[in-house]
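# A look at the structure
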Amino acid sequence: MTARPRIMALRVAAAIPLSPTLKAFTFIPADGGLVPPSGPGAHLRLNLPVPGRTLKNAYSLISNPQDRSHHSIIVRRVAGSKGGSAFLHEEVQDGDVIEAGLPANLFPVVRTARRHLMVSGGIGLTPFLAYIAAFEAAGTPWELHHFCRPDERSVFEGLLARYPASKVNIHCDVDLAVLEEVLARQPLGTHFYTCGPALLMDSAIERAAALGWPRSRLHSESFGGAAEGGEPFIAVLRRSGLEVMVGADTSLLAAIEAAGVEAPCLCRGGACGQCLIEVAEGIPEHRDHFLDGEERASNRLIMTCVSRSRTARLVLDL
Amino acid sequence: MLISDIKSRPVYERLSLDGAGRRHLVLSDAPRPLGEVIDGTDGAGAPLGYWIVAATSAVDAQPQAEAAPGNAAPVERRAFRAASHLLDRLSHRLAQETVGLRLYAIGEEGFIWDVARMAREAGLEPSECFTAHAGSLRRKVFCVHCKTVTSGVTTSLAVCEGCGAHLVVRDHFSRTHAAFMGVQADAEAPGELPAVEEVFP
């Protein structure tokens, strides 16, 4: 099997401010041709050169997956972040070329669902813009409930203007009680998806569960949260003969990559299992969705993209 | 000649009410006391229906509400003339249902897997539909050669109702067909058939 390129070069075709903190970017392949295939819910990981390091930030694709002429994302400028969103908002101009990983999907649509109910908060709408484009193309029933601040209502209305008003519901109150009635009247075969602030997702899922929705119908997306933050530790790469400091706000995988070591990885979200590495010494703090209970308990394996260490040193077979 | 240890052979546990459900519907292919087929119905707060196949024309299938023990919600009972009658009403009921329903089926495998298939086609998830075996072990057999389903098979060899082939009844179970696979017994040596045994009483 020949290795597929893991990095592609994208040219900024348009960078359009939607609000003081929201900016939409459209990318086309720097070398022409079509963008790689993606599905609804997929994200793009951009390599963002900020002072001192390269951030790999993930952004949901909002473009219709069937249209491979471009990739589009919307970025919220976050105050007090590591600088990725500020870089995109301030430094990136039309015509610039940015490196990105191939699209990956940790939030796919359930293909067997008869109907899709979506609940989003703020910028969490982005994956659902791709969902809705796919649902409209396929004629699959859907319903969206979007929660946002009053001052951003018009921005989100604009993004959803082309879709039937009967399917789009925008709420500017923080009270999710409106969802009670919505969740109680969904026909069998409906699947539920939520994306947005953790508090909104947890609350929406809790309400659904209380109304008899089983876990298998409930799907949520959160970016990076699991990989971020934690006690700093030292990763010893036995085969490379390196000791890598993993800071409080970097992932183990990012630290390994920053040290110049090529580590296996694919989804970078704890789902696919590609980045599995053997642990020689130390106790991992598992944050992935891939290993089973027995594998976790053995402390012999770690998924570097999201998991960290419970011990000050973690010796890896890498 | 029976091929055992096949993973598709369903394994059943005793039914137990899923407390997360908001409405429950229990289906039985024979009259059985409710407490005998499912645990946890005493004190259940959510509405519960219990539909049975009475196998007699002396029932009218009309819902009969009945107070349940404890503080439980009332049980709505319906008796049907035949399994076909019950499945017909079930398809209407599922078409009107909303997420929150839990469905339970108990009886012979042909019946419970017909229910499971109907539930799946209506959009129920496996985690919302539960099955348990009771009664005869007789099987529905799907002829892999002519695709005909022969019902009520109790023997290790069965004659296919479609093509007349002598079929070995395997443990290989298809949830799609709600039937066990049958393959021609004398395919390699025509006319040479093993002894027929009564194995699914």
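In the nomenclature of an unreviewed UniProt entry, chain A is known as Ferredoxin-NADP reductase of Ancylobacter tetraedralis.

What follows concerns the overall build of chain B. When helices and strands are tallied, chain B shows three helices and 13 strands. For chain B, the spread of C-alpha atoms along the three principal axes comes to 65 × 35 × 30 Å. Within chain B, contacts between residues at least 6 apart in sequence are counted, and of these 60% link residues at least 24 apart.

Of the regular secondary structure elements, chain A holds seven helices and 19 strands. In summary, chain A has a C-alpha radius of gyration of 20 Å against a globular reference of 20 Å for 318 residues, a match within 12%. Looking at the 318 residues of chain A, the share that counts as buried comes to 39%. A separation of at least 24 residues holds for 63% of the contacts in chain A among residues at least 6 apart in sequence.

Our focus in this paragraph is the interface of chain A and chain B. Interfaces are often described in size by the accessible area the parts lose on coming together. On the chain B side, the residues contacting the 15 residues of chain A number 15 residues. Its residues assigned to classes, the side of chain A that touches chain B comprises seven nonpolar, five polar and three charged.

The next point concerns the domain arrangement of chain A. Residue and element names in this part refer to chain A. When its domains are assigned, chain A resolves into domain 1 (7-105), domain 2 (115-221) and domain 3 (233-316). On a C-alpha basis, the centres of domain 1 and domain 2 stand 24 Å from each other. If you look at the interface, domain 1 gives 14 residues, while domain 2 gives eleven residues. Here the side of domain 1 that touches domain 2 is composed, by residue class, of seven nonpolar, six polar and one charged.

Residue and element names in this part refer to chain B. Interhelical geometry of helix α2 (residues 83-96) versus helix α3 (residues 109-122) gives an angle of 20° and a closest axis separation of 10 Å. Considered as vectors, α2 and α3 are oriented roughly parallel to each other. For the crossing formed where α2 meets α3, the hand is right-handed. Where α2 abuts α3, its residues Ala83, Leu87, Leu90, Ser91, Leu94 and Ala95 lie against Phe111, Asp114, Val115, Met118, Ala119 and Ala122. Grouping the constituent residues of the contact of α2 with α3 by class yields ten nonpolar, one polar and one charged.

The next thing to look at is the environment of A:Tyr131. In this fold, A:Tyr131 is placed in helix α2 (residues 126-138). In contact with A:Tyr131, not counting residues within four places along its chain, are A:Pro40, A:Gly41, A:Val109, A:His116 and A:Met118.

All names here are of chain A. Strand order in the open sheet formed by five strands is β14-β13-β19-β15-β17, and the pairing between neighbours is mixed. Each edge of the open sheet is held by one strand with a lone partner, namely β14 (242-246) and β17 (301-303). Each strand axis lies, on average, 40° off the axis of its neighbour in the sheet, ignoring direction. Two strands pair when backbone bridges link them, and strand β13 (residues 233-237) and strand β19 (residues 313-316) are joined in this way by four bridges, in the parallel orientation. Across the sheet, the residue bridging to alanine 235 is leucine 314, located in β19.

In this section: the confidence of the model for chain B. All names here are of chain B. Across chain B, pLDDT averages 90, with 95% of residues at or above 70. Per-element averaging of pLDDT across chain B places strand β5 (residues 64-66) at the bottom with 78 and strand β7 (residues 101-107) at the top with 97. The complex prediction reports pTM at 0.83, with the ipTM value standing at 0.85.

Another point: the pairing of strand β4 (residues 48-53) of chain B. Regular strands place side chains that alternate from one sheet face to the opposite one. Residue and element names in this part refer to chain B. Counting buried positions along β4 yields five of six residues, so the element is predominantly enclosed. In this structure, strand β2 (residues 23-28) lies alongside β4, joined through five bridges in parallel fashion. The partner of leucine 27 across the bridge, within β4, is tryptophan 51.

The next thing to look at is the UniProt feature "domain: Dimethylamine monooxygenase subunit DmmA-like C-terminal" (unreviewed entry) in chain B. If you check UniProt for "domain: Dimethylamine monooxygenase subunit DmmA-like C-terminal" (unreviewed entry), the listed places come out as residues 140-183 of chain B in our numbering. Helix makes up 0% of residues 140-183 of chain B and strand 59%, and the two end C-alpha atoms of the span are 13 Å apart.

Residues and elements named next belong to chain B. Across the sheet, six strands lie side by side as β5-β6-β4-β2-β7-β8; this open sheet has mixed pairing. The open sheet has two free edges, formed respectively by β5 and β8 (129-133), since each of these has just one partner strand. Recorded for the sheet is a direction-independent mean angle of 20° between the axes of neighbouring strands. Sheet analysis places β2 next to β7, joined by six bridges and oriented parallel. Bridge pairing in β7 links leucine 25 to leucine 103.

All names here are of chain B. Segmenting chain B into domains produces domain 1 (15-133) and domain 2 (139-184). Just the C-alpha atoms count here: the centres of domain 1 and domain 2 sit 28 Å apart. Counting residues at the interface gives six residues for domain 1 and five residues for domain 2. A per-class count over the side of domain 1 that touches domain 2 returns two nonpolar, one polar and three charged.

Core analysis: the largest hydrophobic core is formed by 100 residues, its most contacted members being B:Tyr104, B:Ala105 and B:Val141. Those residues within four positions of B:Ala105 in sequence are excluded, and the remaining contacts are B:Leu27, B:Phe111, B:Ile112, B:Val115, B:Ala116 and B:Thr131. Core analysis: the second largest hydrophobic core is formed by 21 residues, A:Phe233, A:Ile302, A:Val306 and A:Leu314 among them.

With that settled, consider the environment of B:Thr148. Looking at the secondary structure, you find B:Thr148 in the loop between β9 (139-143) and β10 (149-153). Each C-alpha atom of the pair B:Thr148 and B:Asp60 lies 33 Å from the other, and the pair is 88 residues apart in sequence.

Glancing now at the pairing of strand β6 (residues 75-80) of chain B. Residue and element names in this part refer to chain B. As judged from the six bridges shared by β4 and β6, these two strands associate in the parallel manner. Bridge assignment links tyrosine 50 to a residue of β6, and that residue is arginine 77. Of the pairings in the sheet, the one linking β5 to β6 comprises three bridges and is antiparallel in character. Pairing of glutamate 66 across the sheet is with valine 75, part of β6.

Cut-offs and rules
Residues numbered from 1 in each chain as written. Chains lettered and ligands numbered in written order. Predicted model: local features only at pLDDT ≥ 70, side-chain atom pairs only at ≥ 80, totals over all residues. Helix = DSSP H or I, 4+ residues; strand = E, 2+ residues; numbered from the N terminus. Contact = placed C-beta atoms within 7 Å. Rg over C-alpha atoms; globule rule 2.2 N^0.38 Å. Buried ≥ 20, exposed ≤ 12 C-beta atoms within 10 Å, placed from the backbone. Nonpolar A, V, L, I, M, F, W, Y, C, P; charged D, E, K, R; others polar. Domains from an automatic or database assignment. Axes fitted to C-alpha atoms, helices over the stretch in contact; angles between N-to-C directions. Parallel < 35°, antiparallel > 145°, perpendicular 65-115°, else oblique. Left-handed = near helix turned anticlockwise from the far one by under 90°. Pairing = 2+ DSSP bridges. pLDDT = per-residue confidence, 0-100. UniProt positions renumbered as here; feature names shortened; annotations may be inferred. Core = buried A, V, L, I, M, F, W, Y, C linked by C-beta atoms within 7 Å.

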